[in-house]
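Structural overview
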Amino acid sequence: MTVTANTTRAATSKVGALIRTGVAATVAASVATMAVAAAGHLAGISLELGDAPIPVLGFGVLTAVFSLIGVIIAALLARFARRPRLTFVRTTVVARRLAA
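Residues numbered from 1 in each chain as written. Predicted model: local features only at pLDDT ≥ 70, side-chain atom pairs only at ≥ 80, totals over all residues. Heavy atoms only, no water.

With respect to the secondary-structure elements, Thr 26 resides in helix α1 (residues 7-42). Judged by relative accessible area, Thr 26 falls into the buried class, the value being 6%. Discounting residues that sit within four places of it in the chain, Thr 26 has contacts with Ala 64, Ser 67, Leu 68 and Val 71. (Helix = DSSP H or I, 4+ residues; strand = E, 2+ residues; numbered from the N terminus. Buried < 20%, exposed > 50% of the residue type's maximum accessible area, 1.4 Å probe, protein only. Contact = heavy atoms within 4.5 Å.)

Together, Leu 57, Val 61, Leu 62, Val 65, Phe 66 and Ile 69 make up a nonpolar patch on the protein surface, roughly 570 Å² of accessible area in all. By the secondary structure assignment, Leu 62 is in helix α2 (residues 56-80). (Patch = residues over 30% accessible without salt bridge, like charges linked within 9 Å, V, L, I, M, F, W, Y side chains within 5 Å. Areas by Shrake-Rupley, 256 points an atom, 1.4 Å probe, with all protein chains shown as cover. Salt bridge = Lys/Arg side-chain N within 4 Å of Asp/Glu carboxyl O.)

Before going further, it helps to examine α2. Counted at 1.5 Å a residue, the expected span for α2 with its 25 residues is 36 Å, and the 37 Å between its end C-alpha atoms agrees. Here α2 has its buried residues at Gly 60, Thr 63, Val 71, Ala 74, Ala 75 and Leu 77. (Expected span 1.5 Å × (residues − 1).)

Let's shift gears to the layout of surface pockets. Of the volumes computed, that of the largest pocket is approximately 170 Å³. Taken together, Lys 14, Leu 18, Ala 74, Leu 77, Ala 78, Pro 84, Arg 85 and Phe 88 form the lining of the largest pocket. Where the lining of the largest pocket is concerned, the elements lending two or more residues are α1, α2 and α3 (84-99). Taken together, the residues of the lining of the largest pocket sort by class into six nonpolar, no polar and two charged. (1 Å grid on protein atoms, 1.4 Å probe; cavity = no way out; pocket = protein on both sides within 12 Å on 5 of 7 lines; lining within 4 Å. Points joined across faces, edges and corners; volume = space filled by probe spheres on them. Nonpolar A, V, L, I, M, F, W, Y, C, P; charged D, E, K, R; others polar.)

Moving on, we get to the environment of Ala 28. Residue placement: Ala 28 occurs in helix α1. When the C-alpha atoms of Ala 28 and Ala 64 are compared, they prove to be 9.3 Å apart, with 36 residues separating the residues in sequence.

Below, the discussion takes up the side chain of Ser 30. Considering the arrangement of structural elements, one finds Ser 30 in helix α1. Here Ser 30 is in contact with Gly 60, Thr 63 and Ala 64, once residues within four sequence places are set aside.

Look at α2 against α3: their axes get within 9 Å of each other, and the N-to-C directions meet at 145°. Two packed elements cross with a definite hand, and for α2 against α3 that hand is right-handed. Here Gly 70, Ile 73, Ala 74, Leu 77 and Ala 78 of α2 lie close against α3, whose contacting residues are Pro 84, Thr 87, Phe 88 and Thr 91. Considered class by class, the residues forming the contact of α2 with α3 number six nonpolar, three polar and no charged. (Axes fitted to C-alpha atoms, helices over the stretch in contact; angles between N-to-C directions. Left-handed = near helix turned anticlockwise from the far one by under 90°.)

In this section: the confidence of the model for the protein chain. Model confidence for the protein chain is summarised by a mean pLDDT of 89, while 88% of its residues fall at 70 or above. Averaged over each element, pLDDT in the protein chain is lowest for α1 (89) and highest for α2 (94). (pLDDT = per-residue confidence, 0-100.)

Printed below as a string of C-alpha cells:
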C-alpha cells in the first residue's frame, strides 16, 4: 500500500494565510505610522527633509510599499524555501546591510 500526500493544497493555503496576515499588518502599520507622523506634526515636530515638507500620507505610503515587499519575499520563501524563516531572516539582514 502506498500513501501520497497532497502538499500543493497545504502549501497554497499556508501562503494565502501569510499574505492575508501580511496585508492586514501592512494596513495597520501604515495607519499607525501616519498617526504618529500626524501627532508629531501637531506637536510642532518638523516633517521637512531639506526644504521640502514630507506629507503625512507619504509616511503611510512608504510604510505600505516596503511592508508589501516584505510580504512578497515572505510568501515566495514560504512557497519555495526549505527553511523559510531562516532564509527570510538572512535575506532581510543582508538587505539591511546593503541599504546602510
